[in-house]
Amino acid sequence: MSPLLSVRNLSTSFVTDHGEAQAVDGVSFELEAGETLGLVGESGCGKTVTALSILRLIPEPPGRFSTESRIEFCDVNLLRLPPKELRKVRGAEIAMIFQEPMTSLNPVLTVGSQIAETLRAHQSISRRSASARATELLDVVGIADPGERVREYPHQLSGGMQQRVMIAMALACQPQILIADEPTTALDVTVQAQILELLMNLKKQMGMAVIFITHDLGIVAGIADRIAVMYGGQIVEQGPTTRVFEQPAHPYTEGLLKAVPRIDRPARTLAAIPGTVPTATAWPSGCRFHPRCPRRVERCVSDQPVRFDVGSGHHANCWVVTQNGASGDGER
Amino acid sequence: MKSWLLWAAVVGAVIATMRFARVVELLRTGSPAATLVALAALGLPVAALACWRWCPPASFRPEGFLGRVVRNRRFTVGLTVVASLSAAAILAPVLTPYAPHVQLDLATLARLPPSFAHPFGTDGFSRDILSRVLHGARYSLSVAALSIGLAITLGTMVGLVAGMSGGVIDGALMRCVDAGLAIPRLFFLLVIISLWDTVSLPTLILVLGLTGWFGTSRLVRAEVLSLRQREYIVAARAVGVGRWRLVQRHILPNIASPIIVTAALGMGNIVLIEAGLSYLGIGVRVPTPSWGNIIRDGHELMATAPWISIAPGIAIVFTVLGFSLLGDGLHSAINPRRR
């Protein structure tokens, strides 16, 4: 059986004054029904552009997809879908929640009418029953006193409640896939935990698949079945969460893990990865990580690494792993 | 603020009582417009009294957006001026002692200076200038309001289409707007209007409206472009909200305030343009009174009977000032940086 969502060779670029910015370059991954995929990486590595590309929310122009890019949802290529069909997928089959709940809700509409709008965009449902359903949904996402809240405006709610409203909006039509783009980054740590728990409970109840985008490895460790690590617009390593955490194959992943404070180890100075993420208009030659890589060999400077299988569905794009006897499947 | 309402109620009641015969006469004619005017004459004092009676106490400081607008001094003064002028225009048939075109007595009543019988004097044809200015207000203000309405609607639609579609359509529309903005408006109007021998009021409104939307479309397009990048617009698209609904529910309400400000500021401008055209004799044509052509009636007699041109001139000044204050007050109430 083919996976629920299959992203193949996704390349998204933007035409800018400084040349073409290759924000996402040849990203491939798959998502099975009911699975949680953690998409991890630093700011500017292309996580958000990947997510927006899936729903075709990238403004075109200046955004552009390469001709080989394919995003197959239930065997339909979303990149070839006419706008009308696409609209039926957005919200109903694939929904998304964003990083900043404050700016993601329309300030001039009540939260109830924004939730009702999602419903009315996809179902033939009366205004009254849509707003009744909106109240129910607010209850489902754990907002106290939903009958009152439904008539309030976003600025009257706290950040955590606003994010709950966003979740209610996204889940209103029971989508098969939820893309969560750093949904907890803008929130307090305690609220973060509540929102995560809510998301995971709802995921279990509805049996949907989740793409969880974050830069926080601690979060994905707890919730993701599989992890894909992005660097410089490419996925450099992906595999089952425990495998990636225990035996990171890519030096970048290794660096990231060393940079996370651990409660179960003695406190020492945290390791940092030297340098910063290169810009998308001028990626380094060869492996994009080589200027910052502690283990680079000569080949890394000239040739882009292909994807190597390191066992148990665990892949890494790195020349160094070949020395450990891994076999490449030739794909980037 | 509150005492003004009582004043308005008292003044309105006095006028309605003094000219009660005229109200009855208007009701008798049975034409819908006359009936409306008569009912307004009776209703406005009652409304003012009701507002005064049930108005919140003076210590009441309204909060939120409306509160900010109402607390703005420039806005309230502007609104008062505009509302008084509009009320005077609506009630002109009740307020004025004569019909605007009646020549009282060419031999003895022409060019009289202001007096109790004729507060603004009479003109060269022995017509009462107060009656002409108040009736002129109806034409001047309604021409301005209707053409601004048309211009704002058109400008908003073009701006929305350009901003939402982008690319070639956007480029083409904006180049047309550039061309429209490059031609001096008054010159453009003179050329268009000179195509006809006589310009009917609807044509005048149409021409003024069709030449006034360029600036608005620019503004709306810019607002749409910046709004489209906002996360909540992207979020709305992400849940599958369609294009039309996106515009109607998410974009329009968020750009309404700058549009309203432009409309208010544009009113003053278009009153001036209409006055200019009427002064040149190509706007509202005599004998229909408008402020511009009353000034024209008086310009040859400026040395001997200056009051003919002065009264409509003052009316124009107050209107432009009123709308400017109104628009400016709204602007600073809306714009948080100027609060």
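Keep in mind that what you see is a predicted model, and the values were worked out from it rather than measured.

**What about the overall build of chain A?**
Right, on to step 1. Counting secondary structure elements, chain A contains 12 helices and 14 strands.
Right, on to step 2. Across its three principal axes, chain A shows a C-alpha extent of roughly 65 × 50 × 45 Å.
Right, on to step 3. Within chain A, contacts between residues at least 6 apart in sequence are counted, and of these 61% link residues at least 24 apart.

**What about helix H7 (residues 159-171) of chain A?**
All names here are of chain A.
Right, on to step 1. The terminal C-alpha atoms of H7 lie 18 Å apart, and with 13 residues this matches the ideal 18 Å at 1.5 Å per residue to within 8%.
Right, on to step 2. Counting buried positions along H7 gives 12 out of 13 residues, so the element sits mostly inside the fold.
Right, on to step 3. Buried residues along H7 sit in contact with strand S7 (94-97), helix H3 (101-104), helix H4 (111-122), helix H5 (127-140), strand S8 (177-181) and helix H8 (189-206).

**Re the interface of chain A and chain B**
Right, on to step 1. Listed by partner, the interface residues are 23 residues for chain A and 16 residues for chain B.
Right, on to step 2. Those elements giving two or more residues to the side of chain A that touches chain B turn out to be helix H2 (83-89), S7, H3, H4 and H7 of chain A.
Right, on to step 3. Looking at the side of chain A that touches chain B, the element that brings in the most residues is H4(A), giving four residues.

**Things to note about the nonpolar core**
Right, on to step 1. If you look at the biggest cluster of nonpolar residues, it comprises 97 residues, and the most contacted ones within it are Ala168(A), Ala170(A), Ile177(A) and Ile211(A).
Right, on to step 2. It is H7(A) that provides the largest number of residues to this core, a total of eight residues.
Right, on to step 3. Those residues in contact with Ala170(A) that sit more than four places away from it in its chain are Ala95(A), Met96(A), Ile97(A), Leu178(A) and Val239(B).
Right, on to step 4. Core analysis: the next-biggest nonpolar cluster, separate from the first, contains 68 residues, Leu91(B), Val133(B), Val177(B) and Leu277(B) among them.

**Points about unusual backbone geometry**
Residue and element names in this part refer to chain A.
Right, on to step 1. Positioned with a positive phi, Cys74 is a non-glycine residue whose angle comes to about 50 degrees.
Right, on to step 2. Structurally, the position occupied by Cys74 is in the loop between strand S5 (70-73) and strand S6 (76-77).
Right, on to step 3. In this model, Glu182 sits at a positive phi of 45 degrees, which is unusual for a non-glycine residue.
Right, on to step 4. By the C-beta count within 10 Å, which is 20 here, Glu182 ends up buried.

**Points about helix H12 (residues 231-238) of chain B**
Right, on to step 1. When H12(B) is considered as a whole, its buried residues turn out to be Tyr232(B), Ala235(B), Ala236(B), Arg237(B) and Ala238(B).
Right, on to step 2. Gly240(B) lies just past H12(B) and shows a positive phi near 90 degrees.

Rules and cut-offs
Residues numbered from 1 in each chain as written. Chains lettered and ligands numbered in written order. Predicted model: local features only at pLDDT ≥ 70, side-chain atom pairs only at ≥ 80, totals over all residues. Helix = DSSP H or I, 4+ residues; strand = E, 2+ residues; numbered from the N terminus. Contact = placed C-beta atoms within 7 Å. Expected span 1.5 Å × (residues − 1). Buried ≥ 20, exposed ≤ 12 C-beta atoms within 10 Å, placed from the backbone. Core = buried A, V, L, I, M, F, W, Y, C linked by C-beta atoms within 7 Å.

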